Amino acid sequence: MTAVLAVGMLTASTAPGYGTGTAGPASGPQFTPLTAAVMTEPTPFPATDGRTHLSYELLTTSALPSSTRVRLDRVEVRDARTHRVVGSLSGRALADAANPVGDPLPGADGYTPAPPGPTPTVIPGSQQWVIWIDLALDRDRRVPKVLEHHLSGAVLTPSGPSPFEETVQVTPTGRTAPLNLNAPVRPGTWYSSESCCGNTHHRRGLAPINGRFDVPQRFAIDWYRVGERGRTWEGDPARLTSYLSYRQPVVAAAGGRVVEVRDGIPDNTPPVAPPIPPIDETVGNHVTVEVAPGRYLLYAHLEPGSLKVREGDHVEPGRVLGRIGNSGNSTTPHLHFQVMTTPEFFPTDSPPFTFREFRVVGHVEPRIWDDNLGLQPTGVLPISPSPYDGPHRARYPLDREVLEF
């Protein structure tokens, strides 16, 4: 079992009214230097590794003075009914799962990595942090109906560390099964890029929209067409037509009603990152289809002039919606695909989903940041065998898998 966990509220024994907690829930009201808010309902979903995943976030705010810091040593996610540990983090793994709001995402331009080895997680006073939680439960493990978060560490005071333990942030898990979808592209070999669950700009894309934070791309996947011997482009990477994904048909992954269509945004010239577009052009030319109450499928970065549907149209699974382009916030041609809880991309939440049937044929081990494939020395992906090679049904493809629809 693996986990990337979260921090909730904690108590400190360094001020009147602050108490040290126990392994169970607090017995009464306490002052808590950190507040915590769950940013989405943790919904279990099966992935190609054969395990059940839950991926969500805690947004924490320190109420301590700016001169006071908290060292977090260990975080456990537990079943709130039995208090049994579901997963835990400490040391470097915990440090990699937490960052202050507004800091560059690890791996992005401008980010300075922490030194190797164990790295303590120290939260300064008067700061807000986001804690990224990714739980992976073995197949025979039951998903708790309610989670709680147990944390331990020390409040760092001038007189020395003051240890604490606390159980906080009781969180129900989702009971609605993820949508099980057909492929959003035609049969062939495709690269599943920037999908859950790791340090990708989709999974860890915190967006401040209309006065609150959301993670609108949590389970989004960028799809790239893969040719013989792992090739994704050939010729001049500055030409759109060099990319195998460009102008590939995009098809409806489920039946539903078209609720939003945007066209007319020009394709960007690869592989240089385009200027950040206006917020309403982030996903470029796109089609949004309502497939169930509160569930919308987004097909984004389409080629201008290629869209085949209009708002109000009813589409059946497999209908061509348009062609892959490079519009909006996109560096090289690909299809951005996800489930949303609203008809618009900003603001929205991003729930998990699965695909009915596909075959994993390999894995790309190194992380190619944002998969700007045109900046690579060649257009050939370094594909290696995956431990999950073979057929899959009703599963979510994990990050950097190469698969056949």
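Residues numbered from 1 in each chain as written. Predicted model: local features only at pLDDT ≥ 70, side-chain atom pairs only at ≥ 80, totals over all residues. Heavy atoms only, no water.

Thoughts on the overall build of the protein
Right, on to step 1. Assigned secondary structure in the protein consists of 1 helix and 27 strands.
Right, on to step 2. For the protein, the residues scored as buried account for 53% of the 405 residues in total.
Right, on to step 3. Partitioning the intrachain contacts of the protein with sequence separation of at least 6 by distance along the chain shows that 74% fall at a separation of at least 24.
Right, on to step 4. Just so you have it, the protein exposes about 16800 Å², and 53% of that area is on carbon and sulfur atoms. (Helix = DSSP H or I, 4+ residues; strand = E, 2+ residues; numbered from the N terminus. Buried < 20%, exposed > 50% of the residue type's maximum accessible area, 1.4 Å probe, protein only. Contact = heavy atoms within 4.5 Å. Areas by Shrake-Rupley, 256 points an atom, 1.4 Å probe, with all protein chains shown as cover.)

Quick look at the state of the cysteines
Right, on to step 1. For the structure shown, the criterion picks out 1 disulfide.
Right, on to step 2. The disulfide that involves Cys-196 links it to Cys-197, with 2.2 Å between the sulfurs. A torsion of 100° about the S-S bond marks the disulfide between Cys-196 and Cys-197 as right-handed. (Disulfide = S-S within 2.5 Å.)

What to know about the confidence of the model for the protein
The predicted coordinates should not be examined in detail at positions where pLDDT is low.
Right, on to step 1. The predicted model of the protein has a mean per-residue pLDDT of 87, with 89% of residues at 70 or higher.
Right, on to step 2. Confidence over residues 1-25 falls short of pLDDT 50; this stretch has 110 contacts with residues more than four positions distant or in other chains.
Right, on to step 3. pLDDT under 50 marks residues 107-111. Its contacts with residues more than four places away, or in other chains, come to 7 contacts. (pLDDT = per-residue confidence, 0-100.)

Some details on the packing of aromatic side chains
To describe a pair of aromatic rings, one takes the distance between the centres and the angle between the planes.
Right, on to step 1. In the structure shown here, the tally under the stated rule is 15 aromatic pairs.
Right, on to step 2. Note on Phe-219 and Tyr-396: the rings are 6.0 Å apart at their centroids and 85° apart in plane angle, and the pair reads as edge-to-face. Placement of the pair is Phe-219 in the loop between β15 (212-214) and β16 (221-225) and Tyr-396 in the loop between β26 (390-395) and β27 (401-404), with a sequence separation of 177 residues. The two residues Phe-219 and Tyr-396 agree in class, both being buried.
Right, on to step 3. A ring pair is formed by Phe-358 and Phe-405, whose centres lie 6.4 Å apart and whose planes are at 70°; its orientation type is edge-to-face. Residue Phe-358 is found in strand β24 (residues 353-364), and its partner Phe-405 is found in the segment after β27; the two are separated by 47 residues along the sequence.
Right, on to step 4. We classify Phe-358 as buried; its relative accessible area is 3%.
Right, on to step 5. An aromatic cluster is defined as three or more aromatic residues linked by ring pairs; in this entry it consists of Phe-45, Phe-219, Trp-223, Tyr-299, Phe-337, Phe-353, Phe-355, Phe-358, Tyr-396 and Phe-405. (Phe/Tyr/Trp six-rings, centres within 6.5 Å; stacked < 30°, edge-to-face > 60°.)

Here we look at the nonpolar core
Right, on to step 1. Ranked by internal contacts, the top residues of the largest apolar core, which has 34 residues, are Leu-181, Tyr-299, Leu-335, Phe-337 and Phe-353.
Right, on to step 2. When residues of this core are assigned to their parent elements, the largest contribution, 4 residues, is made by β24.
Right, on to step 3. Setting aside residues up to four positions removed in sequence, Phe-337 forms contacts with Leu-181, Pro-184, Ala-220, Ile-221, Trp-223, Ala-253, Leu-297, Leu-298, Tyr-299, Phe-353 and Phe-355.
Right, on to step 4. With 15 residues, the next largest nonpolar core counts Tyr-56, Ala-98, Leu-135 and Leu-137 among its residues. (Core = buried A, V, L, I, M, F, W, Y, C linked by side-chain atoms within 4.5 Å.)

Here we look at a positive patch on the surface
Right, on to step 1. Residues Arg-81, Arg-84, Lys-145 and Arg-175 make up a contiguous surface patch of positive charge.
Right, on to step 2. Considering the arrangement of structural elements, one finds Arg-175 in the loop between β11 (160-172) and β12 (179-181). (Patch = residues over 30% accessible without salt bridge, like charges linked within 9 Å, V, L, I, M, F, W, Y side chains within 5 Å. Salt bridge = Lys/Arg side-chain N within 4 Å of Asp/Glu carboxyl O. Lys, Arg positive; Asp, Glu negative; His and termini not counted. Charge placed at Lys NZ, Arg CZ, Asp CG, Glu CD.)

Here's the deal with the side chain of Arg-204
Right, on to step 1. Among the structural elements, Arg-204 can be located in the loop between β13 (189-193) and β14 (207-209).
Right, on to step 2. Asp-134 provides the closest opposite charge to the buried, unpaired Arg-204, separated from it by 5.0 Å.
Right, on to step 3. Looking at Arg-204, its side chain comes within polar contact range of the main-chain oxygen of Asp-96, at 2.8 Å. (Polar contact = N/O pair within 3.5 Å; in protein donor to acceptor, adjacent residues only side chain to side chain.)

Some points on the pattern of salt bridges
Right, on to step 1. Here the structure, examined in full by the defined rule, presents 20 salt bridges.
Right, on to step 2. For Glu-57, the salt bridge goes to Arg-203, with nearest N and O atoms at 2.6 Å. You can see Glu-57 sitting in strand β4 (residues 52-62) and its partner Arg-203 sitting in the loop between β13 and β14, a full 146 residues away along the chain. Taken as a pair, Glu-57 and Arg-203 share a single burial class, namely buried.
Right, on to step 3. For Arg-218, the salt bridge goes to Glu-57, with nearest N and O atoms at 2.8 Å. Remark: Glu-57 occurs in strand β4 and Arg-218 occurs in the loop between β15 and β16; sequence separation between them is 161 residues. Here the two residues Arg-218 and Glu-57 agree in accessibility, since each one is buried.

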